[in-house]
Amino acid sequence: MTAKLSTLCYIEQDDKYLMLHRTTKANDINKDKWIGVGGHFEEGESPEECLLREVREETGYTLTSYRYRGIVTFLSGNGEIEYMSLFTADGFTGQPIPCDEGELAWVEKSAVWDLNIWEGDKIFFRLLDEALPFFSLKLVYDGAGGLIRAALNGRELELLDVLDPAGRRSGRVSERGVVHREGSFHAAVHVWVVRVRADGGYDLLLQKRSAEKDSFPGCYDVSAAGHIEAGEDVLAAAVRELAEELGIRAEADSLHYVGERLSDLSGSFHGKPFINHEKNSVYLYQEPVDIEDLTLQRSEVEDVRWMDAVACLKSIRDGSLTTCIEEDNLTMLCAYLNVK
C-alpha cells in the first residue's frame, strides 16, 4: 500500500478562516474547491515541520501558535490514500504573499459552509466548531466526489441522502451532524406501535428519549423513529428502527403505511445548533407487544410506556406531556385509526 502524508491548516483571525480557492493546477484533485493551506511531507519531516514549511511557502506567514487537531484518513475512490494531519493556528507573523496554488481569502467561519468544499470537510469543520479533542476521522469517496463512508475514532458515522425540494434523492450524501447543522432536507421513518383495548380504544407505545440524545433528550416520542440511511429502502428502515430501538423483529408486511408528512424544527441541544427539515414516512404496527419483552437500545431509548391515543393528543395540545411529538403526526394516525 502506497499512501501520501500531508498537513492541512486552518489559520484563524477575527472569527475567520484563511481559505485557499484551488484554481491553478489543471489536474488538482481539489480543483475549484476551497480548503485550508498545507501540502505533502518532504522526506524526513514531522507533521509540525511540514506544517510550518507549507504555511510559510503558501502564505508568507510564520506560525507562532498552532494546535494539532486530528488525523484524517482520506480514500479518494481513485486509488489514492492519504493520511492528513489537521491543524488550526491562531498566531502568526509576516506579510502575505501570492499563492501559486490559487487565491487566498479570509472567510467568516459561518460562511465557509456556503463555499464549494468537500462533503467530508464539513464533518471536520463541525468537529472543530464543537471543540472535539484530538480525533481520527476516516473519509471514503466514490471516485466522483461523493462521500460513501465516514468513521470517527473507529465508529461509523450516519450518512443520509439529501433530498431535493420535491422530496427525491438529490444525489448528495451528507453526514447526520452536518445535515442538522445545515438544515438539509432529508428523510426519516416513524413507526407507531398501537394496541387495541377491550373497550375499542387505542393505546400508543411511547418511547422516552435518552438523556444523551443529540436532540430533544428526555422527551417522549413516537414508538420508534430514525433516519433513512443513504441508499436505504423506506420500509427496510422502518423494520430496522423497530429492531434497533425496541428489539421488535417485525416482518415488513406487518407494517401498515399511514402517510407522509413534513417536519420543520429547530433549536439548540448540548450547546449545538439543530435544524430538522425532514420528510417522515409514517407506519403503524399492531402486532401484540409486551413491554417486559422489549430490548431497549439504551443509547437511544430510556424507557417506554403505554398511553391512550386521545389522552396523548390532549396532552400534546395542552403541553402537559414532555414530548417532541408534533400534533399533526398524531392526528394523522388518529384519522387512520378513526379515533375521534
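This text gives an overview of the structure that appears in the document. Model, not experiment: these values are computed from the prediction. (Residues numbered from 1 in each chain as written. Predicted model: local features only at pLDDT ≥ 70, side-chain atom pairs only at ≥ 80, totals over all residues. Heavy atoms only, no water.)

The next thing to look at is helix 6 (residues 309–318). Within helix 6, burial applies to A309, C312, L313, S315 and I316. In an axial view of helix 6, the angular spread of the buried residues amounts to 160°, which keeps them on one side of the axis. In helix 6, the exposed positions angled more than 90 degrees off the buried face are occupied by K314 and R317. Looking at the buried side of helix 6, the elements it contacts are strand 14 (202–209), strand 19 (301–308) and helix 7 (327–337). Where helix 6 starts, the residue carrying a side-chain oxygen 3.1 Å from the main-chain nitrogen of V310 turns out to be D308. G319 sits one or two residues past helix 6 and shows a positive phi near 75°. (Buried < 20%, exposed > 50% of the residue type's maximum accessible area, 1.4 Å probe, protein only. Helix = DSSP H or I, 4+ residues; strand = E, 2+ residues; numbered from the N terminus. Arc of directions from axis to C-beta. Contact = heavy atoms within 4.5 Å. Polar contact = N/O pair within 3.5 Å; in protein donor to acceptor, adjacent residues only side chain to side chain.)

Another point: the environment of E156. Note on placement: E156 falls in strand 10 (residues 155–156). Setting aside residues no more than four positions away along its own chain, E156 makes contact with R149, A150 and A151. Within the local environment of E156, its side chain forms a polar contact with the side chain of R149, the two groups lying 2.6 Å apart.

Most of strand 14 sits out of view: 7 of its 8 residues are buried. Linking strand 13 (residues 185–196) to strand 14, which pair antiparallel, is a turn of 5 residues; within it G200 sits at a positive phi near 90°. Bridge analysis of strand 14 against strand 19 gives 7 bridges, and the strand direction is antiparallel. Looking at the pairing, L205 lines up with W306 of strand 19. (Pairing = 2+ DSSP bridges.)

Bringing the layout of surface pockets into the picture now. Computed from the structure, the second largest pocket encloses a volume of approximately 590 Å³. What lines the second largest pocket is a set of 28 residues, among which R22, I29, N30, H40 and E82 lie closest to the centre. Sorting the residues of the lining of the second largest pocket by element identifies strand 1 (4–13), strand 4 (37–40), helix 1 (47–59), strand 5 (62–75), strand 6 (81–93) and helix 3 (119–129) as the ones contributing at least two each. With 4 residues, strand 1 is the largest single contributor of residues to the lining of the second largest pocket. The residue inventory of the lining of the second largest pocket, partitioned by class, reads 9 nonpolar, 7 polar and 12 charged. (1 Å grid on protein atoms, 1.4 Å probe; cavity = no way out; pocket = protein on both sides within 12 Å on 5 of 7 lines; lining within 4 Å. Points joined across faces, edges and corners; volume = space filled by probe spheres on them. Nonpolar A, V, L, I, M, F, W, Y, C, P; charged D, E, K, R; others polar.)

Okay, the state of the cysteines next. Applying the stated criterion across every chain yields a total of 0 disulfides. Note on C99: no disulfide assigned, nearest cysteine sulfur contributed by C9 at a separation of 13 Å. Here C334 is not cross-linked by a disulfide; its sulfur's nearest cysteine counterpart is in C312, at 8.1 Å. (Disulfide = S-S within 2.5 Å.)

Turning our eyes to something else, we now look at the nonpolar core. The nonpolar side chains of a soluble globular protein tend to be buried, and buried together. Ranked by size, the top nonpolar core spans 31 residues in total, and within it Y10, I123, F124 and F125 carry the most contacts. Looking at this core, the element that brings in the most residues is helix 3, giving 5 residues. If sequence neighbours within four positions are ignored, F124 has contacts with L8, Y10, V72, M84, L86, F135 and L137. In terms of nonpolar packing, the next biggest core, distinct from the first, is built from 24 residues, V191, L246, Y283 and L294 among them. (Core = buried A, V, L, I, M, F, W, Y, C linked by side-chain atoms within 4.5 Å.)

Below, the discussion takes up unusual backbone geometry. With phi around 70°, D32 is a residue other than glycine that occupies positive phi space. Tracing the backbone through its elements, the reader meets D32 in the loop between strand 2 (16–22) and strand 3 (34–35). A positive phi angle, near 55°, is found at A131, a position not held by glycine. By the element assignment, A131 lies in the loop between helix 3 and strand 8 (135–141).

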